[in-house]
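A structural walkthrough
The primary structure of each chain is shown beneath.
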Amino acid sequence: MAFATVWNYCVPLTIITVACLVRTARCQAVQAENVTVLEGGTAEISCRLQNYDGSIVVIQNPRRQTLFFNGTRALKDDRFQMVLFSTRLVRITLTNVSVLDEGGYFCQLYTDATHHQVATLSVSVPPETPTVEVKQEGVEGGEVKLACMSPRSKPAATLRWIRNGREIAGVESQQVDGKTFSVSNTIRLPVERKDNGAALSCEAFHPALGGQKRIRHYRLDVNFAPTVRIAPPSGILREGDSLSLTCSVSGNPLPKNIQWSKINESLPERAEISGPTFQISRLSQSHNGTYLCQAQNNYGRAADHYTLLVYDNVSLTTTVPPTPTTQPITSHPTTQPSTSHPTTQPSTSHPATLTLLTPIFAPKPSEPGAVVETHSAVPYAVIGGVLALLVFTVICVLIVTIWCSVRQKGSYLTHEASGLDEHGEVQEAFLNGNDASQGKKEYLL
């Protein structure tokens, strides 16, 4: 009795269940596929049909607006296009996809009962090249605060700082902006003057980049006070020379104005200033002094000095004593009264003193071995005139000497003839036997 009761109850229930299962399998007449696409790309939405008997097929967007009704456009949006409609497959495309297009697209089949499937469209937004924002300026001896930012990505991008091939730990943060994310990575670095211009990079990683990365390169900007240096000229400066000084200035920011001045005095009237260059033409000893070059920026001031010393042109004279060589001689011949034998006085000579003016090279007292050129105090025309006068005098002396020599020779011949006459008289007297009382005569031959 009990068995019959169970049989009567279970058999109908089983038949009903099997029938329902068979009906359910036959009613699954549509299938949809999920799609993921990059923003700005083209998405393909497909609906697969099973046992299609010509019933109505409708495709709707996430806002349940009908896009196509049996292959006919229902919504005026040219980005959607029907590319395929068959008994097995219905496919549409969506161009220039944005995150606003993201959501479920409905594939509906109207038969005895309405059946539908949802194709989920996911939009991925890769990050652009990140940007670097200075949160706190770097000053020598302080620290700089930098933020690497990726303002829009989906899903959120990953950022990291790199210096010399090593990652710098920073503080990461995210903000949601609708369906996208804004990401930042902030670091703090102690900086010195030497760090100015050091290279850093911020790298962004994202699944949509396929293993690649977006990189932003950055160089540290460290502010520091200026430094100033004057390059001194080489050599010795003398009166009449020109002076040119160049002031080399560094700093961050670089000083725009460079100031030249002279300690305790005003700048010379002939001074010319052109930015970092200072020039004076035709130097004189009145220009001697200490000159300053100064520069400043928002972080300090610096100066350098140069002491100018101008030497005058020295003129020296030297007297050269007579050399042992033969000097011009002035002779004065004298004639004695007529005697037996003519006499000639020896000639006297006077040594001549010659004065020469020569340029002297005197070394600078403070710098051994330095050479300073000096100039002769007497013009060369005067020296030529003195030499010409000496030559003229020597020629005159020679002429007088020759004339006197000729005259003296004639006088000697006259006395010689007179001596011969007297010698004849003496011989005649000796032969005639003159007395000694007549006097004694002496004759000089």
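Calculation notes
- Residues numbered from 1 in each chain as written.
- Predicted model: local features only at pLDDT ≥ 70, side-chain atom pairs only at ≥ 80, totals over all residues.
- Heavy atoms only, no water.
- Pairing = 2+ DSSP bridges.
- Helix = DSSP H or I, 4+ residues; strand = E, 2+ residues; numbered from the N terminus.
- Axes fitted to C-alpha atoms, helices over the stretch in contact; angles between N-to-C directions.
- Salt bridge = Lys/Arg side-chain N within 4 Å of Asp/Glu carboxyl O.
- Disulfide = S-S within 2.5 Å.
- Buried < 20%, exposed > 50% of the residue type's maximum accessible area, 1.4 Å probe, protein only.
- pLDDT = per-residue confidence, 0-100.
- Contact = heavy atoms within 4.5 Å.
- Core = buried A, V, L, I, M, F, W, Y, C linked by side-chain atoms within 4.5 Å.
- Phe/Tyr/Trp six-rings, centres within 6.5 Å; stacked < 30°, edge-to-face > 60°.
- Lys NZ or Arg CZ within 6 Å of the ring centre and 35° of its normal.

1. Quick word on the sheet that holds strand 13 (residues 143–153)
The sheet built from 4 strands is open, its strands ordered 11-13-17-16 with antiparallel pairing. Each end of this open sheet is capped by a strand with a single partner; those strands are strand 11 (131–136) and strand 16 (171–177). Going from strand to strand, the sheet's axes swing by 25° on average, the running direction of each strand aside. When strand 11 meets strand 13, the two strands line up antiparallel, connected through 5 bridges. Looking across to strand 13, one finds that Val-134 is bridged to Leu-146.

2. So, the pattern of salt bridges
According to the stated counting rule, one finds 14 salt bridges in the structure shown. Note that Glu-133 and Lys-135 form a salt bridge whose closest N and O atoms lie 3.2 Å from each other. Taking the shortest distance from any N to any O, the salt bridge between Glu-265 and Lys-262 comes out at 3.5 Å. Connected through shared salt-bridge partners, Arg-160, Glu-167, Glu-203 and Lys-213 make up one network.

3. Regarding unusual backbone geometry
With an omega of -5°, the peptide bond running from Lys-154 to Pro-155 counts as cis. By secondary structure assignment, the location of Pro-155 is in the loop between strand 13 and strand 14 (158–163). Of note, Asn-51 is a non-glycine position whose phi angle comes to about 55°, a positive value. For Asn-70, which is not glycine, the phi dihedral falls at a positive 55°. In this fold, Asn-70 is placed in the loop between strand 5 (66–69) and strand 6 (72–73).

4. A closer look at the environment of Ile-92
Here Ile-92 is to be found in strand 8 (residues 89–94). As for Ile-92 and Ser-46, which are separated by 46 residues in sequence, their C-alpha atoms are 6.6 Å apart.

5. Some details on the state of the cysteines
Going through the model one piece at a time under the given rule, you end up with 3 disulfides. In this model Cys-148 forms its disulfide with Cys-202; the gap between the sulfur atoms is 1.5 Å. Linking Cys-148 and Cys-202, the disulfide has an S-S dihedral of approximately -75° and is accordingly described as left-handed. A residue pair is termed long-range when its members are at least 10 positions apart, and Cys-148 in strand 13 and Cys-202 in strand 18 (residues 199–205) qualify at 54 residues. When sorted by exposure, Cys-148 lands in the same class as Cys-202, which is buried. Each disulfide in the protein links cysteines that, numbered along the sequence, combine into the pattern 1-2, 3-4, 5-6.

6. Structural notes on the confidence of the model for the protein
Predicted coordinates in areas of low pLDDT are best not read in detail. Put simply, the protein has an average pLDDT of 77, and 70% of its residues get 70 or more. For the stretch residues 433–445, pLDDT sits under 50, and the model shows 10 contacts to residues farther than four places along the chain or on other chains.

7. Comments concerning the nonpolar core
By size, the foremost hydrophobic cluster in this structure holds 26 residues, and its most contacted members are Leu-67, Phe-80, Ile-92, Val-97, Tyr-105 and Leu-121. Of all the elements, strand 3 (residues 43–49) adds the most residues to this core, at 4 residues. Ignoring any residue separated from it by four or fewer positions in sequence, one finds Ile-92 in contact with Ala-43, Glu-44, Ile-45, Ile-59, Leu-67, Phe-68, Phe-80, Gln-81, Met-82 and Val-83.

8. Notes on the side chain of Ser-201
With respect to the helices and strands, Ser-201 occurs in strand 18. Those residues in contact with Ser-201 that lie beyond four places of it in its chain are Arg-160, Trp-161, Ile-162, Ile-215, Arg-216 and His-217.

9. With respect to the packing of aromatic side chains
The relation between two aromatic rings is expressed through the spacing of the ring centres and the mutual angle of the planes. Enumeration over the complete set of coordinates arrives at 3 aromatic pairs. With 6.3 Å between their ring centres and 50° between their planes, Phe-80 and Tyr-105 make a pair best called tilted. Within this pair, whereas Phe-80 is found in strand 7 (residues 80–85), its partner Tyr-105 is found in strand 9 (residues 103–110), the two being separated by 25 residues in sequence. The exposure class of Tyr-105 is buried, given its relative accessible area of 2%. Arranged with centres 5.1 Å apart and planes meeting at 25°, the rings of Trp-260 and Phe-278 form a pair that is stacked. Pair noted here: Trp-260 is in strand 22 (residues 258–262) and Phe-278 is in strand 24 (residues 277–280), with a separation of 18 residues, a long-range link. Exposure remark for Phe-278: the relative accessible area of 0% places this residue in the buried category. Among the aromatic side chains, those forming a connected cluster through ring pairs are Trp-260, Phe-278 and Tyr-291. For the cation-ring pair, Arg-64 lies above Phe-106, with the distance from its terminal atom to the ring centre recorded as 3.9 Å.

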